[in-house]
Amino acid sequence: MILFLLLILVPVPLSFNSGAFFIFPLEGISTRWYAVVLGTQRWQSAIGNSLIVAFGTTLIATTLGTFAAIALSDEKFPGRRIVMPLLLSPLIVPVVITAVGS
């Protein structure tokens, strides 16, 4: 919860500060910093690249996930005993790591 507060609830209100520095209380409300970021060519291309990667990843993950769900729902699928543990391992591994670390 502290990490959430530090990474989200503090920087977001500070980003609307009209002053040159991030201070509380805010000197005024402004979207100045958003205009600076969105008006810079480097940031625009970086945001564009991020969106392209995000949409491509979403498309690939949705397609592969749908195919995996269809294949694993069939009990006659020959690779089911191999594929099922591989797909479930991201659900199991964090719990094991947390248990070992405690």
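See the structure printed just above.
Notes on the structure follow. Being a predicted model, the structure only gives us computed values, none of them experimental. (Residues numbered from 1 in each chain as written. Predicted model: local features only at pLDDT ≥ 70, side-chain atom pairs only at ≥ 80, totals over all residues. Heavy atoms only, no water.)

## Here we look at the packing of aromatic side chains
Under the definition given, this model contains 1 aromatic pair. Residues Phe 16 and Tyr 34 carry aromatic rings whose centres are separated by 5.2 Å and whose planes lie at 40° to one another, so their mutual orientation is tilted. Here the residue Phe 16 occupies a position in the loop between α2 (11-15) and α3 (32-39), and Tyr 34 occupies one in helix α3, the gap between them amounting to 18 residues. For Tyr 34, a relative accessible area of 37% translates into the label partly exposed. Across from the ring centre of Trp 33, 4.2 Å away, lies the NZ or CZ of Arg 32, which sits over that ring. (Phe/Tyr/Trp six-rings, centres within 6.5 Å; stacked < 30°, edge-to-face > 60°. Helix = DSSP H or I, 4+ residues; strand = E, 2+ residues; numbered from the N terminus. Buried < 20%, exposed > 50% of the residue type's maximum accessible area, 1.4 Å probe, protein only. Lys NZ or Arg CZ within 6 Å of the ring centre and 35° of its normal.)

## What to know about the packing of α3 against helix α4 (residues 41-73)
At their nearest, the axes of α3 and α4 sit 5 Å apart, and the two run at 75° to each other. On the basis of their axis angle, the class for α3 and α4 is roughly perpendicular. Two secondary-structure elements touch here, α3 through Val 37, Leu 38 and Gly 39 and α4 through Gln 41, Trp 43, Gln 44 and Ile 47. Across the contact of α3 with α4, the residue classes break down as 4 nonpolar, 3 polar and no charged. (Axes fitted to C-alpha atoms, helices over the stretch in contact; angles between N-to-C directions. Parallel < 35°, antiparallel > 145°, perpendicular 65-115°, else oblique. Contact = heavy atoms within 4.5 Å. Nonpolar A, V, L, I, M, F, W, Y, C, P; charged D, E, K, R; others polar.)

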